[in-house]
Amino acid sequence: MGLFLSRNVVSFLVYLSSRKIELAGTEDMACLISRTGRHLQRYDKGCRQVVGCIPYRYRNGGELEILLISSQKGKAMMLPKGGWETDESMEEAALRETMEEAGVKGKVEKMLGKWRYQSKSQARTYHVSYMFPMLVKEQLEFWPEKTVRQRRWVSAQEAKDICQQWWMKEALDVLISRVMQEQMRGDEL
């Protein structure tokens, strides 16, 4: 169904451009199609290079909230992440993956860290994941993986409880610690 939808979107855009019709916001329409395949995928010593973001915002009197997404193949909730490709910077890949999977845009901040972990689907394969915090500025109504993923805003503690992968829990700990340090610095001023 995703491929069918993507073809419809592309056909619609071609039709609009042939008619010289402009719609507000069409500059972002090309982003409605996820990248697929691994021909541009980065590897380092056999480890697939993965990047992602921890999308966050502040609600209810400054409470930190984290955006989690469902996996494509199940109901597990996780952080958006995916392959870092050879034609993009780490930050560009993190932004792209987060927009494709979670449908949010924002500012990528200083890297939280690097984690090496074993693939769940391929027993002898390892991934190296680089994670960034992203302060969410915009939540899209339509995004490439809307039909295959759910998204949910939760408290930081709930995010740690829900995420099943140890390295995602560690990345959340780093973000929470960083946010607390920044809040303490702000209180001192």
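Scoring rules and cut-offs
- Residues numbered from 1 in each chain as written.
- Predicted model: local features only at pLDDT ≥ 70, side-chain atom pairs only at ≥ 80, totals over all residues.
- Heavy atoms only, no water.
- UniProt positions renumbered as here; feature names shortened; annotations may be inferred.
- Salt bridge = Lys/Arg side-chain N within 4 Å of Asp/Glu carboxyl O.
- Buried < 20%, exposed > 50% of the residue type's maximum accessible area, 1.4 Å probe, protein only.
- Helix = DSSP H or I, 4+ residues; strand = E, 2+ residues; numbered from the N terminus.
- Expected span 1.5 Å × (residues − 1).
- Contact = heavy atoms within 4.5 Å.
- pLDDT = per-residue confidence, 0-100.
- Phe/Tyr/Trp six-rings, centres within 6.5 Å; stacked < 30°, edge-to-face > 60°.
- Lys NZ or Arg CZ within 6 Å of the ring centre and 35° of its normal.
- Pairing = 2+ DSSP bridges.

An unreviewed UniProt entry annotates the chain as Nudix hydrolase domain-containing protein originating from Trapa natans. Under the Sequence similarities (unreviewed entry) heading, UniProt states for the chain: "Belongs to the Nudix hydrolase family."

Right, let's talk about the pattern of salt bridges for a bit. Across all of its chains, the model carries 9 salt bridges by this definition. Residue Glu65 pairs with Arg59 through a salt bridge whose shortest N-O separation is 4.0 Å. The class of Glu65 is buried, set by a relative accessible area of 12%. For the salt bridge of Asp173 with Lys160, the shortest nitrogen-to-oxygen distance reads 2.5 Å. In this pair, Asp173 is assigned in helix 4 (residues 166-188) and Lys160 in helix 3 (residues 156-162), connecting sequence segments 13 residues apart. Linked through salt bridges whose partners overlap, the residues forming this network are Glu88, Arg96, Glu97 and Glu100.

Turning to helix 4, a few remarks are in order. Helix length check: helix 4 (23 residues) gives 33 Å between terminal C-alpha atoms against 33 Å at 1.5 Å per residue, within 8%. Every buried residue of helix 4 is listed here: Trp167, Met168, Ala171, Leu172, Leu175, Ile176, Arg178 and Val179.

Before going further, it helps to examine helix 2 (residues 90-102). End to end, helix 2 covers 18 Å across 13 residues, agreeing with the expected 18 Å (1.5 Å per residue, within 8%). Helix 2 sits mainly inside the fold: 10 of its 13 residues count as buried. By the burial criterion, the buried members of helix 2 are Met90, Ala93, Ala94, Arg96, Glu97, Thr98, Met99, Glu100, Glu101 and Ala102. Where helix 2 is buried, its residues touch strand 2 (47-59), strand 3 (63-70), strand 5 (81-83), strand 6 (104-108), strand 8 (126-139) and strand 9 (151-155). Directly after helix 2, the chain includes Gly103, whose backbone phi takes a positive value near 70°.

Turning our attention to the confidence of the model for the chain. In this model, the chain carries an average pLDDT of 83, and 79% of its residues clear a pLDDT of 70 or more. Within the chain, helix 1 (residues 2-18) has the poorest average pLDDT of any element, 43, and strand 9 the best, 97. Scored below 50 in pLDDT, residues 1-8 shows 2 contacts in the model against residues more than four places distant or in partner chains. Confidence over residues 10-30 falls short of pLDDT 50; this stretch has 7 contacts with residues more than four positions distant or in other chains.

Considering all chains together, one arrives at 4 aromatic pairs under this definition. Pairing Trp84 with Tyr130 gives two aromatic rings, centres 6.0 Å apart and planes at 80°, and the pair type is edge-to-face. Of the two residues, Trp84 is situated in the loop between strand 5 and helix 2 and Tyr130 in strand 8; the sequence distance between them amounts to 46 residues. This pair shows no difference in class: Trp84 is buried, exactly as Tyr130 is. When the ring of Tyr117 is compared with that of Trp167, the centres are 4.5 Å apart and the planes differ by 10°; the resulting orientation is stacked. Of the two residues, Tyr117 is situated in strand 7 (residues 113-118) and Trp167 in helix 4; the sequence distance between them amounts to 50 residues. The ring centre of Trp153 lies 3.9 Å from the NZ or CZ of Arg57, which sits over that ring.

What follows deals with the pairing of strand 7. On a regular strand, each side chain points to the face opposite its neighbour's, so the side chains alternate between the two faces of the sheet. Side chains of strand 7 alternate between two faces, with Gly113, Trp115 and Tyr117 buried and Lys114, Arg116 and Gln118 left unburied. In terms of strand pairing, strand 7 meets strand 8 through 6 bridges, oriented antiparallel. Note that in strand 8 the partner of Gly113 across the bridge is Met131.

Our focus in this paragraph is unusual backbone geometry. A positive phi angle is found at Lys45, which is not glycine, with a value near 50°. Relative to the helices and strands, Lys45 is located in the loop between strand 1 (43-44) and strand 2. Overall, the relative accessible area of 81% leaves Lys45 in the exposed class. The backbone of Asn60 shows a phi angle near 40°, a positive value even though the residue is not glycine. Tracing the sequence through the fold places Asn60 in the loop between strand 2 and strand 3. The exposure class of Asn60 is exposed, given its relative accessible area of 66%.

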